[in-house]
Structure formats: C-alpha cells, structure tokens
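Architecture at a glance
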Amino acid sequence: MKAAILSEFSAVKNVLLQQFVIYLVVGVFVGIGMGSATAMVACISAMAPILMVFTFAGYDSMNGWERFRATLPVSRDALVIGRYANVLLTSLATLVAAFVIALLLGQLVDVLPIDAETAQFISEEMRDPAMIVGGGLMGMCVMLLMTAVLQPFILRYGMTKAMRWVPAGLMLVFFIAVLILPQVIDAPAFLVDFIAWSENPDNLPLLVGGLTVLSLGIYCISCAAAMALYHKKEL
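My aim in this report is to walk through the structure given alongside it, one point at a time.

As for helix 2 (residues 37–60)
With 24 residues, helix 2 should reach 34 Å at 1.5 Å per residue; the first-to-last C-alpha distance of 35 Å fits that figure. Within helix 2, 20 of the 24 residues are buried, which leaves it mostly tucked inside the rest of the structure. Where helix 2 begins, one side-chain oxygen reaches toward the backbone nitrogen of Thr 38, 3.4 Å away; that side chain belongs to Ser 36.

Focus on the nonpolar core
Side chains of nonpolar character tend, in soluble globular proteins, to be buried together. Counting 30 residues, the largest nonpolar core has Met 52, Val 80, Tyr 84, Val 87, Ile 154, Leu 155 and Tyr 219 as its most contacted members. Looking at this core, the elements with two or more residues in it are helix 1 (2–34), helix 2, helix 4 (76–108), helix 6 (129–157), helix 7 (159–184) and helix 9 (204–230). Of all the elements, helix 6 adds the most residues to this core, at eight residues. In this structure Val 87 touches Pro 49, Met 52, Val 53, Phe 56, Gln 151 and Tyr 219, once residues within four positions along its chain are discounted. Counting residues in hydrophobic clusters, the runner-up holds 18 residues, among them Met 40, Met 47, Leu 95 and Ile 101.

Considerations on helix 5 (residues 116–126)
When helix 5 is considered as a whole, its buried residues turn out to be Thr 118, Ala 119, Ile 122, Glu 125 and Met 126. Down the axis of helix 5, the sector holding all buried residues measures 120°, keeping them to one side. Of the residues in helix 5, the exposed ones pointing more than 90 degrees away from the buried face are Ala 116 and Glu 117.

Describing the packing of aromatic side chains
With the rule as written, the count across this model stands at one aromatic pair. The residue whose ring lies beneath Arg 76 is Tyr 230, and the NZ or CZ to ring-centre distance is 5.6 Å.

Considering the packing of helix 2 against helix 6
One can describe the packing of helix 2 onto helix 6 by two numbers: an axis separation of 7 Å at closest approach and a directional angle of 20°. Taken together, the axes of helix 2 and helix 6 are roughly parallel relative to one another. Regarding helix 2 and helix 6, the two cross each other, and that crossing is right-handed. Residues that form the contact of helix 2 with helix 6 fall into these classes: 17 nonpolar, seven polar and no charged.

Let's talk about the side chain of Ser 91
Tracing the chain through its elements places Ser 91 in helix 4. A residue is classified by how much of its surface remains accessible, and Ser 91, at 0% relative accessible area, is buried. Excluding anything up to four places from it in sequence, Ser 91 contacts Ala 48, Pro 49 and Met 140.

Some words on the layout of surface pockets
Computed from the structure, the largest pocket encloses a volume of approximately 160 Å³. Lining the largest pocket are 11 residues, and of these Ser 61, Tyr 157, Gly 158, Met 159 and Thr 160 sit closest to its centre. Contributing elements (two or more residues each) for the lining of the largest pocket: helix 2, helix 6 and helix 7. Ranked by residue count, the leading element in the lining of the largest pocket is helix 7, at three residues. Each residue belonging to the lining of the largest pocket can be placed in one class, and the counts come to four nonpolar, three polar and four charged.

Concerning empty space enclosed by the protein
All chains considered together, the criterion is met by one cavity of 30 Å³ or more. There is about 30 Å³ of room inside the largest cavity. In terms of lining residues, the largest cavity is bounded by Leu 16, Gln 19, Phe 20, Tyr 23, Ala 48, Met 52, Thr 90, Ser 91 and Thr 94. Of all the secondary structure elements, the ones that give two or more residues to the lining of the largest cavity are helix 1, helix 2 and helix 4.

Cut-offs used in this document
Residues numbered from 1 in each chain as written. Predicted model: local features only at pLDDT ≥ 70, side-chain atom pairs only at ≥ 80, totals over all residues. Heavy atoms only, no water. Helix = DSSP H or I, 4+ residues; strand = E, 2+ residues; numbered from the N terminus. Expected span 1.5 Å × (residues − 1). Buried < 20%, exposed > 50% of the residue type's maximum accessible area, 1.4 Å probe, protein only. Polar contact = N/O pair within 3.5 Å; in protein donor to acceptor, adjacent residues only side chain to side chain. Core = buried A, V, L, I, M, F, W, Y, C linked by side-chain atoms within 4.5 Å. Contact = heavy atoms within 4.5 Å. Arc of directions from axis to C-beta. Phe/Tyr/Trp six-rings, centres within 6.5 Å; stacked < 30°, edge-to-face > 60°. Lys NZ or Arg CZ within 6 Å of the ring centre and 35° of its normal. Axes fitted to C-alpha atoms, helices over the stretch in contact; angles between N-to-C directions. Parallel < 35°, antiparallel > 145°, perpendicular 65-115°, else oblique. Left-handed = near helix turned anticlockwise from the far one by under 90°. Nonpolar A, V, L, I, M, F, W, Y, C, P; charged D, E, K, R; others polar. 1 Å grid on protein atoms, 1.4 Å probe; cavity = no way out; pocket = protein on both sides within 12 Å on 5 of 7 lines; lining within 4 Å. Points joined across faces, edges and corners; volume = space filled by probe spheres on them.

Take it as geometry only, folks, not as evidence of what the structure does.
Here it is in structure tokens:
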C-alpha cells in the first residue's frame, strides 16, 4: 500500500509545487476581489480535488505510466486505494495551505489595495478561524463528491471516454432534477425544513460535519466501485 501511494505521489510531486503557486495567486485575487477570507479558502480547497484527479489522469495517458504502474509489485486494489489516498491527502494539505494564506491575508489586510469596509470585514472573519476552516471543508467536500463520480470511470475507461460520457450524464440528471421534477412533484417537506435549518448560522458546525462525513462515505464507496471496475481493465 505504501509503495502504491509513494509511486503515485512521485509522479506528480513537481506538479504539486506548481499548483500551490497557482492556488496562492488565485486565492489572493479571489480573497481581495470578493473581500472574504472564507471565500478564498473555500475556492482554493475546492480546486485541489478536481485538479489532482485530472493531473493523475493526464499522467496515466502519458509515456505509458499506467502500464508501468501496473508492473509494480502491488495489487490493483492497492493502486486504486493509492490514487484515492493521494487525492484526499493533497486536498487536505491544500486546505491547510489555504488557511495559512488566509492568516497571511489577515495580517496584511491593512496594507492591501482594498477599501476600509472590505478590510474591516476580512479582519472580522479572521476572529472566527473555525468559520474559515468550515468554509474550506465545505468547498473541498463538494468537489470530493464530484471526484467520487468521476474517478471510477477514469480509472476504468481513461480520461477521454470518462469526460465524454460522465458530464453528459450529470447534466441530464441535473436537467431532470431542476426542470422536470418540480413540475411533477412538490418539494418534500423535509427538504424545505432542511433548507431553513441550514440557513441558521448556529447549525453551521453540524452542517459542515454532516457534509464531511457524507462526502468521505461516498468517497469510500467510490473507491470500492473503482477497485471492482479496475479489476476488469486490460492493461
């Protein structure tokens, strides 16, 4: 298992350093543009999972890396778990880096080219670091859900086929859910109650914790599905 994780990481470690620079630049612009440290951390944290999935998928199709990886003395299950572990670990590392960037933004807010009202709002946000971390976790978890849908198909069929069919399927589901279902059935009462409940700031910790548990659970299910599909792939 350790060999699988390290082999995956060794292939993209140089790209990771480049991506952290991108996160820094994008994060600062988002933080200043939106006037919110929480939005900045959420944006950076949301970028990491999907970018890592595409980075790994790109390496799979380059220079025969996928076939070389299959010759390593590790099982196919370990290779899949290593891929999922690397995406999750780098996403968590990015969340930590985003929070550090937010701390720096809070320290430099008085000298940045922003108006006094925005500077005051960012300073007030920095007094509640849990809120900032919660925003980052929610951004990361939402994208982890997306990667949970994509990764089994990418590992089984490759990025080209997966990106051809999965987004089309998701758009069809979204179209049905948003445009057709409301015309057929009324919104369930529990959904209306949940929306009202989630808008209460006092319920934010429970909301973040619930989303985190749900995302990790679906991520693990996705990993199991990817292992089953990857066993059927001819390399």
